[in-house]
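Per-entry structural report
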Amino acid sequence: MKVLVTGATGFTGNHLARHLASAGHEVRALVRDPERARTLGPQVGLVRGDLLDRDSLIRACDGVDVVYNIAALYRQAGLPKETYRDVNARAVGWLIEAAAAGGARRVVQCSTVGVHGDVEKPPANEEAPLRPGDVYQWTKLEGESVGREAAGRTGIELVIARPSGIYGPGDRRLLKLFGGVARGRFLMLGKGDIFYHLTYIDDLCEGFRLCGEVPAAAGRTYILAGGEVTTLKELVARIARIARVQPPRRSLPVWPVWVAGALCEAACAPLKIEPPLYRRRVDFFTKSRAFDISRARAEIGFAPAVGLDEGIGRTLAWYREYKWI
């Protein structure tokens, strides 16, 4: 098929574009800066544009069969809520309209399990309560709603994928966790007894592909997560064991650090600089995340193939090879 991937210069989008190309598809990527897209290789065609440039969306979607919308505004200091809403919500509708005009049959919208917030009764499935906790999660949930409305209006098949914490070679978001443990510098806040559910990047890309190709996926929402879930304390211990270091023994109480994070955010936001400590970092230690992938297994054949220990080993090896740790 002819497919379009947005966000292809980011970690997930880059892996997905190359995964789809290796599966035999003709892959096109929407990129703002072609120089940053060199790692995609010659097998991926480039269209210069932006989610907020509706003309570029029409050019990018022309003649494609499936669109994978991976691009998103994650968490950046000093940005107004409307900027997040433009990229993570409104642009979803514009992209679906462009996909319909270009003849596509399906759009796969990458959301996040973060829309479920702190999971009170783990594991959560797709019908669990929706409790987004920050501007990123709120606008991703809004993007799901905007997408469903646009899909109903245009006749496009929309599939919503909600990944859990994504990791693997090249990932920067969880580098602080992996690198901190491997270097003996990781500091636990609280007891570490909350659940944390990871998804290895290769498994996630295959899940996206299935969302784009399996007929039964049309109109459905799927949680895509790894086959194993652990407590944060156990995850840290496994990273330490595979890194061949002692697990961290130090810990701090949560709430004093949370208050310090709130003060840092308040001081840094007017200056539009990244705070050295922020509440979201503290949430990592307090919000439980464990998910049920039964629907994706049953309906689209999603079957995570990379075990947690293997994924941790691959990730640590890559970080060390490229001198990130």
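This report concerns the structure included in the present document. Please read these numbers as outputs of a predicted model, since none were measured by experiment.

Scanning the protein for helices and strands turns up 11 helices and 13 strands. Taken against the 2.2 N^0.38 rule, which gives 20 Å for 325 residues, the C-alpha radius of gyration of the protein at 19 Å falls within 12% of a compact globule. Summarising its shape, the C-alpha atoms of the protein cover approximately 55 × 45 × 40 Å along the three principal directions. Across the 325 residues in the protein, those meeting the buried criterion constitute 50%. Taking the contacts inside the protein whose residues are at least 6 apart along the sequence as the reference set, 76% of them involve residues at least 24 apart. Looking at the protein as shown, the accessible area adds up to about 14700 Å², and 52% of this sits on carbon and sulfur atoms. Between the mean site of the 46 positive side-chain charges and the mean site of the 36 negative ones, the protein shows a separation of 6 Å.

Within this structure, the stated rule accounts for 11 aromatic pairs. Relative to F284, the ring of Y196 lies with its centre 5.0 Å away and its plane at 55°, an arrangement referred to as tilted. Of the two residues, Y196 sits in strand β9 (residues 195-196) while F284 sits in the loop between α9 (279-283) and α10 (294-300), which places them 88 residues apart along the sequence. Between W318 and Y319, the aromatic rings sit 6.2 Å apart at their centres with planes inclined by 75°, giving edge-to-face as the arrangement. One aromatic cluster is present, built from ring pairs that chain together Y167, F178, Y200, W318, Y319, Y322 and W324.

Moving on, we come to the pairing of strand β11 (residues 221-224). Side chains T221 and I223 project from β11 onto one buried face, and the interleaved Y222 and L224 project onto a second face that is buried too. In this sheet, β11 lies alongside strand β6 (residues 157-163) in parallel orientation, the contact comprising four bridges. Paired with P163 across the strands is L224, a residue of β11.

Let us now look at helix α7 (residues 232-243). Helix length check: α7 (12 residues) gives 16 Å between terminal C-alpha atoms against 16 Å at 1.5 Å per residue, within 8%. Within α7, burial applies to L232, L235, V236, R238, I239, A240 and A243. Of the surrounding secondary structure, the elements contacted by the buried residues of α7 are α5 (175-182), β8 (188-189), β9, β10 (198-200), β12 (230-231) and α11 (308-321). Of the residues one or two after α7, R244 is the one with positive phi, at around 60°.

Pairing within the open sheet is parallel, and its seven strands lie in the order β3-β2-β1-β4-β5-β6-β11. On the outer flanks of this sheet lie β3 (44-48) and β11, each paired with one strand and no other. Neighbour-to-neighbour, the strand axes of the sheet open up by a mean angle of 20°, direction not taken into account. Bridge count between strand β2 (residues 26-31) and β3: five bridges; the pairing is parallel. Paired with R28 across the bridge in β3 is G45. Lying on the sheet, helix α1 (residues 11-22) is in contact with β1 (2-6), β2, β3 and β4 (66-69); it crosses β1 at an angle near 170°. Those strands touched by helix α2 (residues 54-61) are β1, β2, β3 and β4, and its axis lies near 170° from that of β2.

Below, the discussion takes up empty space enclosed by the protein. In total, this model carries one cavity of 30 Å³ or more according to the counting rule given. Taken as a whole, the largest cavity spans an internal volume of roughly 30 Å³. Lining the largest cavity we find Y196, H197, L198, E228, V229, T230, L235 and L308. Residue composition of the lining of the largest cavity, by class: five nonpolar, two polar and one charged.

Right, let's get into the packing of α2 against helix α3 (residues 81-101). Closest axis-to-axis distance for the α2/α3 pair is 8 Å, and the angle between their directions is 40°. The orientation of α2 relative to α3 falls into the category oblique. Viewed along their axes, α2 and α3 form a crossing whose handedness is right-handed. On α3, the residues touching R54, L57, I58 and C61 of α2 are W94, L95, E97, A98 and A99. Residue classes in the contact of α2 with α3 are distributed as seven nonpolar, no polar and two charged.

For D65, the position within the fold is in the loop between α2 and β4. Spatially, the C-alpha atoms of D65 and G301 are 21 Å apart, while their sequence positions differ by 236 residues. Discounting chain neighbours no more than four positions away, the residues touching D65 are M1, K2, A104, R105 and R106.

So, about the pairing of strand β5 (residues 106-110). With five of five residues buried, β5 is to be regarded as a mostly interior element. Two elements, β4 and β5, share four bridges in a ladder whose sense is parallel. Looking at β5, one finds that V67 is bridged to V107. Two strands pair when backbone bridges link them, and β5 and β6 are joined in this way by five bridges, in the parallel orientation. Bridging across to β6, V108 finds its partner in V159. Following the backbone out of β5, through helix α4 (residues 135-154) and into the adjacent parallel β6, one traces a crossover that is right-handed.

Scoring rules and cut-offs
Residues numbered from 1 in each chain as written. Predicted model: local features only at pLDDT ≥ 70, side-chain atom pairs only at ≥ 80, totals over all residues. Heavy atoms only, no water. Helix = DSSP H or I, 4+ residues; strand = E, 2+ residues; numbered from the N terminus. Rg over C-alpha atoms; globule rule 2.2 N^0.38 Å. Buried < 20%, exposed > 50% of the residue type's maximum accessible area, 1.4 Å probe, protein only. Contact = heavy atoms within 4.5 Å. Areas by Shrake-Rupley, 256 points an atom, 1.4 Å probe, with all protein chains shown as cover. Lys, Arg positive; Asp, Glu negative; His and termini not counted. Charge placed at Lys NZ, Arg CZ, Asp CG, Glu CD. Phe/Tyr/Trp six-rings, centres within 6.5 Å; stacked < 30°, edge-to-face > 60°. Pairing = 2+ DSSP bridges. Expected span 1.5 Å × (residues − 1). Axes fitted to C-alpha atoms, helices over the stretch in contact; angles between N-to-C directions. 1 Å grid on protein atoms, 1.4 Å probe; cavity = no way out; pocket = protein on both sides within 12 Å on 5 of 7 lines; lining within 4 Å. Points joined across faces, edges and corners; volume = space filled by probe spheres on them. Nonpolar A, V, L, I, M, F, W, Y, C, P; charged D, E, K, R; others polar. Parallel < 35°, antiparallel > 145°, perpendicular 65-115°, else oblique. Left-handed = near helix turned anticlockwise from the far one by under 90°. Right-handed = clockwise from strand over helix to strand, strands pointing away.

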